[in-house]
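# Per-entry structural report
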Amino acid sequence: MSEVPSREEALSLLKEYTTSDRLIIHALAVESAMRAYAKKFGEDEEYWGIIGLIHDFDYERFPTPETHVHEGMKILQERNYPEEMIRAIASHADYMGIPRATSLQKTLYAVDELSGFILAAALVRPSKKLADLSVKSVKKRFKDKAFARSVDRDAIFRGAEELGIPIEDHIAYVIEAMLPISDELGV
């Protein structure tokens with residue numbers, strides 16, 4: 001197996017391919033949620049966090065279903081990233097057709113879209129603060145199809161279902177996971 005990169009190496013990779021503050025914030029949010037779930041499941045927080053941090057590192061340069069993840073996998077393979085990491089990252093995109101068989105894969109899928117939705121929901125609060133965001137408020141936003149329209153709501157519900165966690169508990173857990181880095185996230 002290839003050696004697991006350090007967080008610094010993973011962050012460097014992310015910033016090499018991503019200049020958008022919005023995408024970097026998304027990566028940090030997913031990293032935070034992945035670390036929290038790793039702790040909950042008794043898994044390696046650093047390993048899971050790194051996967052969350054780099055899961056979309058190639059998106060800015062390769063934003064289409066024909067390129068996103070495909071190009072990222074090649075880059076990660078060239079850089080000798082562990083195959084398990086590459087497979088977990090590839091499994092977060094439904095169009096890759098990779099079954100999510102592990103808790104790592106299921107968790108990445110479950111937190112990806114939800115973390116973006118939570119960030120968007122926090123930004124429309126009067127305070128623009130994550131600390132003021134409730135599960136009820138997030139669930140209410142699901143019904144507004146114009147709100148954060150690029151977020152796949154079905155993927156959010158499917159992700160919670162694949163984890164076997166009620167959607168309300170999943171939302172609450174991801175909000176809680178992101179709170180310690182809320183200043184970094186701008187919420």
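Our structure is the block above this text.
To keep things clear, this report deals only with the structure shown in the data block. (Residues numbered from 1 in each chain as written. Predicted model: local features only at pLDDT ≥ 70, side-chain atom pairs only at ≥ 80, totals over all residues. Heavy atoms only, no water.)

## A word on the packing of helix H7 (residues 135-142) against helix H9 (residues 167-178)
A packed helix pair is summarised by two numbers, namely the angle formed by the two axes and the spacing between the axes. In contact at an axis separation of 9 Å, H7 and H9 are set at 115° when each is read in the N-to-C sense. Like other packed secondary-structure pairs, H7 and H9 cross with a definite hand, here right-handed. The segment H7 lies against H9, with Val135, Val138, Lys139 and Phe142 engaging Glu168, Ile171, Ala172 and Ile175. Within the contact of H7 with H9, the residues separate by chemical class into six nonpolar, no polar and two charged. (Axes fitted to C-alpha atoms, helices over the stretch in contact; angles between N-to-C directions. Helix = DSSP H or I, 4+ residues; strand = E, 2+ residues; numbered from the N terminus. Left-handed = near helix turned anticlockwise from the far one by under 90°. Contact = heavy atoms within 4.5 Å. Nonpolar A, V, L, I, M, F, W, Y, C, P; charged D, E, K, R; others polar.)

## Focus on helix H1 (residues 7-17)
Within H1, the full set of buried residues consists of Ala10, Leu11, Leu13, Leu14 and Tyr17. Each buried residue of H1 sits inside an arc of 155° when the element is viewed along its axis, so together they form one side. Contact partners of the buried residues in H1: helix H2 (21-41), helix H3 (45-54) and helix H4 (70-78). (Buried < 20%, exposed > 50% of the residue type's maximum accessible area, 1.4 Å probe, protein only. Arc of directions from axis to C-beta.)

## Focus: empty space enclosed by the protein
On inspection of all chains with the given rule, the structure shows one cavity of 30 Å³ or more. One number sums up the size of the largest cavity: a volume of about 30 Å³. Taken together, His55, Phe57, Asp58, Val69, Gly72, Met73, Leu76 and Ile89 make up the full set of residues lining the largest cavity. Among the elements that make up the lining of the largest cavity, the one with the highest residue count is H4 (three residues). Each residue belonging to the lining of the largest cavity can be placed in one class, and the counts come to five nonpolar, two polar and one charged. (1 Å grid on protein atoms, 1.4 Å probe; cavity = no way out; pocket = protein on both sides within 12 Å on 5 of 7 lines; lining within 4 Å. Points joined across faces, edges and corners; volume = space filled by probe spheres on them.)

## Re the packing of aromatic side chains
In this structure the tally under the stated criterion is seven aromatic pairs. Seen from their ring centres, Tyr37 and Tyr173 are 4.6 Å apart, and the 45° between their planes marks the pair as tilted. You can see Tyr37 sitting in helix H2 and its partner Tyr173 sitting in helix H9, a full 136 residues away along the chain. Overall, the relative accessible area of 0% leaves Tyr37 in the buried class. Look at Tyr173 and you get partly exposed, because its relative accessible area is 25%. Taken together, a centroid distance of 6.2 Å and an interplanar angle of 65° make the contact between Phe41 and Trp48 edge-to-face. Joined through ring pairs, the aromatic side chains of Tyr37, Phe41, Trp48 and Tyr173 make up one cluster. The ring centre of Tyr173 lies 4.6 Å from the NZ or CZ of Lys40, which sits over that ring. The ring of Tyr109 has Arg100 lying over it, and the distance from NZ or CZ to the ring centre is 3.4 Å. (Phe/Tyr/Trp six-rings, centres within 6.5 Å; stacked < 30°, edge-to-face > 60°. Lys NZ or Arg CZ within 6 Å of the ring centre and 35° of its normal.)

## Let's talk about H9
For H9, built from 12 residues, the straight-helix expectation of 16 Å at 1.5 Å per residue is met to within 8% by its first-to-last C-alpha distance of 17 Å. Along H9, the positions that sit buried rather than exposed are Ile167, His170, Ile171, Val174, Ile175, Ala177 and Met178. Looking straight down H9, one finds its buried side chains confined to an arc of 160°; they lie on one side. If you follow the buried residues of H9, they end up packed against H2, helix H6 (103-123), H7, helix H8 (153-163) and helix H10 (182-185). (Expected span 1.5 Å × (residues − 1).)

## Structural notes on the environment of Arg35
Structurally, the position occupied by Arg35 is in helix H2. Taking C-alpha positions, Arg35 is 6.8 Å from Glu46, a pair spaced 11 residues apart along the chain. Those residues within four positions of Arg35 in sequence are excluded, and the remaining contacts are Arg7, Glu45, Glu46 and Gly49. Reaching out from Arg35, the side chain makes a polar contact with the side chain of Glu46 at a distance of 3.0 Å. (Polar contact = N/O pair within 3.5 Å; in protein donor to acceptor, adjacent residues only side chain to side chain.)

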